[in-house]
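# Commentary on secondary and tertiary structure
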Amino acid sequence: MNTVSAPLQHPGVIAIADIPVVSVEKMRETLASETEAGNRIGGLFGILDEKEKPRLLLVMMADRTGSFHVILSDPGEAYPAFTPDFPQLHLFERQLHEDFGIVPGGHPWLKPVRYTGSADRPGGGNFYTVQGEEVHQVAVGPVHAGIIEPGHFRFNCRGEEVLHLEIALGYQHRGIQGALVGGPDKRTIHYMETAAGDTTIGHSTAYAGVCEALAGIETPARGAEIRAVALELERMANHTGDLGALAGDVGYLPTSSFCGRLRGDVLNLTALICGNRFGRGLILPGGVAWNIEESRADTLKTRLKTAGREIADAVGLIWRTPSVLARFEGCGPVPRETAEDLGLVGPAARASGLSGDTRHSHPAGAYKKDRPALVTAEAGDVAARASVRRDELVHSEEFILRLLENLSAGEILRPVSPLKRNCLAIGAAEGWRGEILHVALTDNAGRFSNYRIVDPSFKNWTGLAMALRKQEISDFPLCNKSFNLSYCGHDL
Amino acid sequence: MLRSLLVRMKQGYRTFSYPHGPAPELPDRYRGVPSCADPGQCPPACRLCEQACPTHAIRIADGAFNVDLGACLFCAACAGACPKNLIRQDREYRLSASCREDLWSPRPRPAAVVLNRRVYHVARRSLRLRQVSAGGCNACEADTNVLSTLAWDLGRFGIQFVASPRHADGLLVTGPVTENMKEALLETWNAVPGPRLVIAVGACAVSGGVFSGHRETAGGVSEMLPVDLYIPGCPPHPLTILDGLLRLTGRIGK
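Residues numbered from 1 in each chain as written. Chains lettered and ligands numbered in written order. Predicted model: local features only at pLDDT ≥ 70, side-chain atom pairs only at ≥ 80, totals over all residues. Heavy atoms only, no water.

## Some remarks on the overall build of chain B
Secondary structure assignment for chain B yields eight helices and 10 strands. Here chain B has a C-alpha radius of gyration of 19 Å; the compact-globule value for 254 residues is 18 Å, and the two agree. In terms of overall dimensions, chain B has a C-alpha envelope of 70 × 45 × 35 Å along the principal axes. With 254 residues in all, chain B has 58% of them scored as buried. Partitioning the contacts of chain B with sequence separation of at least 6, the portion at a separation of at least 24 is 77%. With an accessible surface of roughly 10500 Å², chain B has 52% of that area assigned to carbon and sulfur atoms. (Helix = DSSP H or I, 4+ residues; strand = E, 2+ residues; numbered from the N terminus. Rg over C-alpha atoms; globule rule 2.2 N^0.38 Å. Buried < 20%, exposed > 50% of the residue type's maximum accessible area, 1.4 Å probe, protein only. Contact = heavy atoms within 4.5 Å. Areas by Shrake-Rupley, 256 points an atom, 1.4 Å probe, with all protein chains shown as cover.)

The following block contains the structure:
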């Protein structure tokens, strides 16, 4: 018997009956053999089968072949945790325990993740405590200075030096995954658009992929290209804003001021396509709602070139200003091995020398033909994360211009047939923070029986915690901004 | 150094002249307030627009199309559902109101922000706000944040976001108020010295938005705090937020 399913392409679909069901021990062996073979862990989920019994679903990603492997297991009430061997599963197993009461025995830190319907609140309970002379704790949040989402950061420090940072989230939990069960319905697309509102295009693209796989239809070429334009614009807007904010955090105001405006200029390009700066209402299962006609493409190109030039100027100042670089370099380093162990994704992973990028490993739609160049760096520090974003800005702009130059003829939206019954589908997209993964299961009426969303932040928050070790606590804002992770994308 | 001066020159002067000059241009596909062009043409007992609305913002009553802008996502689902293609969305950006009932459209627009004397004295010349995201998706937050950039330059109106509630004249709240943020929101509110204001930004903060009915969230800020200004949208355009703040402080629309 196979230990993993037949490979699913992306976006991919498989009948639930065709997914191998193995023992927990066999699943552990599969995790070991798959990671040994260079495959990555997409996620480990608790899902309810048709008898409302929780099962383990493991999603593996084969970057070399661009496919997914899935496997199911029945864990019973308890099983020996995977986390000690595969640290990147620590939050997934905490979630499993929170949702279903299944005990991953030997899990080092089995706190709730989202505090769903719990009497406890995030920020309560025990925090990991470092003991020793002069060791003290600093508690920050959930309400922070500035206009930012809520989360609680608990630092264990000796003097200014951070020995350990624990990040407690869940404040933003709105119950999205639960509300998706029984869909798709009239609210579904809005849940996708607001899962992480700054990644509207990323999440709605992954969702559209899931629906199209389940409906057995292809995205029309022109629709897929318009999606890619919007996804890269989303990346450009956020990278621009974050590079400005990074400069602001070290008190370098020129880049900070210029980028604040330029980010808006890029958001306005998304609004030029669909009327909304965040891309609300653009992506639909089956394609996109708004066309980019020739004259609109010309306006987009002209305005994008201007913005691109001004962004390059504004951002370039960072690398011409030694006092800024001195603050960025060596700050908040995440070594490559740590990034790999924690399963980091996106620019944060690429800044530590990993090459994961869904646009390259699991391309869908317009990315099958062409894609922005892959950007990596080695140092894994704030400077590396900034340089990855700087270079991605350039490649995204060039890619958008190529897409607009060569938009395919034809329809932008195709009708979506009823979703296949009793199937599992996976959709992914490389959002600006990294890999977005959506996994849906349908029941025997073709409705969602389970829907799981993995925002890149879910995998990357621990990377921020590790980046802070042995750093000065005053560098926290700078390190935090270099990741700029989503609170609501994590809390869902 | 020379390089930074050169870049500064190339970036130019970018602050909008609004409200003295024209408002920044809205995109041609901007979706404002929905309305029915001719309810007389509606098929008998047709309720498709009402049923299509993801947030139950539409009420068809006595043959009239009414929409609660506080719940509306401006998503055009109603327009897409209309068999006669009668629903239009205008280009109105002045959406704020200080009274929840004034968010129902049609209405005399823009709804006059009731400038009560208390608000006026607190906020007229200098308004310091503490922002609290209580389940916001970071879109309302981002387009509030943008007001402090040099293009919008909120500071020129004496309005500023501050780090401590102790320094604030009020709260600007985004998000439907999750169960997990209730306590933190109330504590922040209690830390603001009175007299104090509350401004609810976005469909979630006004009515719960797309999360209304979730057990994990409340149905907006007004369930626990007295709201002085409602700013609808999902998310509101920065111009909508600015318009609301300027009306509240009596700088426009007096």
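## Description of the pairing of strand E9 (residues 152–158) of chain A
All names here are of chain A. Here E9 lies mainly inside the structure; six of its seven residues are buried. Taken together, the six bridges between strand E8 (residues 135–140) and E9 define a ladder with antiparallel strand orientation. Paired with Gln-137 across the strands is Asn-156, a residue of E9. Here E9 pairs with strand E10 (residues 161–168) via seven bridges, running antiparallel. Paired with Asn-156 across the two strands is His-164, which belongs to E10. Between E9 and E10, which follow one another and run antiparallel, lie two residues, and Gly-159 among them has a positive phi close to 65°. (Pairing = 2+ DSSP bridges.)

## Overview of the pattern of salt bridges
Residue and element names in this part refer to chain A. Scanning the model with the defined rule gives 42 salt bridges over all chains in all. Measuring nitrogen to oxygen at the nearest pair gives 2.9 Å for the salt bridge that ties Glu-166 to Lys-111. With a gap of 55 residues between them, Glu-166 in strand E10 and Lys-111 in the loop between strand E7 (103–105) and E8 connect regions that are remote in the sequence. (Salt bridge = Lys/Arg side-chain N within 4 Å of Asp/Glu carboxyl O.)

## Here we look at the domain arrangement of chain A
Interface size, as often reported, equals the accessible area lost upon joining of the parts. Residues and elements named next belong to chain A. According to the domain assignment, chain A consists of domain 1 (12–105) and domain 2 (180–452). Taking only C-alpha atoms into account, the centre of domain 1 sits 27 Å from that of domain 2. The interface is formed by 24 residues belonging to domain 1 together with 23 residues belonging to domain 2. Counting across the domain 1 and domain 2 interface gives one salt bridge. In this structure, the salt-bridge partner of Glu-435 is Arg-40, at a minimum N-O distance of 2.6 Å. Of all the secondary structure elements, the ones that give two or more residues to the side of domain 1 that touches domain 2 are strand E1 (12–15), strand E3 (40–48), strand E4 (54–62) and strand E5 (67–73). When residues of the side of domain 1 that touches domain 2 are assigned to their parent elements, the largest contribution, six residues, is made by E3. Within the side of domain 1 that touches domain 2, the residues separate by chemical class into 16 nonpolar, six polar and two charged. (Domains from an automatic or database assignment. Nonpolar A, V, L, I, M, F, W, Y, C, P; charged D, E, K, R; others polar.)

## Observations regarding the sheet that holds strand E5 (residues 104–105) of chain B
Residues and elements named next belong to chain B. Here three strands make up an open sheet; going across it, the order is E2-E3-E5 and the pairing antiparallel. Across the chains shown, the open sheet's two edge strands, defined by having one partner strand only, are strand E2 (58–61) and E5. In the sheet, E2 pairs with strand E3 (residues 64–68) via four bridges, with the strands oriented antiparallel. Across the sheet, Arg-59 pairs through a bridge with Asn-66, a residue of E3.

## Some words on the sheet that holds E8(A)
Residues and elements named next belong to chain A. Strand order in the open sheet formed by three strands is E8-E9-E10, and the pairing between neighbours is antiparallel. The sheet is open, and its two borders are formed by E8 and E10, each paired with just one other strand. Adjacent strand axes in the sheet meet at a mean angle of 20°, parallel and antiparallel pairs treated alike. Against the sheet, helix H14 (residues 456–467) contacts E9 and E10, and its axis sits at roughly 160° relative to E10. (Axes fitted to C-alpha atoms, helices over the stretch in contact; angles between N-to-C directions.)

## Observations concerning the interface of chain B and chain A
Across the boundary between the two partners, chain B contributes 59 residues, which contact 60 residues of chain A. Counting the surface lost from both chain B and chain A, the interface buries some 4800 Å², and carbon and sulfur atoms represent 55% of this. Among the residues of chain B in contact with chain A, B:Gln11, B:Arg29 and B:Asn180 are the three that bury the most area, contributing 17% of the side total. For the pair chain B and chain A, the interface holds seven salt bridges. Between B:Asp143 and A:Arg277 there is a salt bridge; the shortest N-O distance is 2.8 Å. Counting every contact that joins chain B to chain A gives 31 residue pairs in polar contact (both at pLDDT 80 or more). When contributions to the side of chain B that touches chain A are tallied by element, the ones reaching two or more residues are helix H1 (2–11), helix H2 (48–52), strand E6 (127–133), helix H5 (139–145) and helix H6 (182–191) of chain B. Looking at the side of chain B that touches chain A residue by residue, the class counts come to 25 nonpolar, 21 polar and 13 charged. (Buried area = accessible area lost by both parts, 1.4 Å probe. Polar contact = N/O pair within 3.5 Å; in protein donor to acceptor, adjacent residues only side chain to side chain.)

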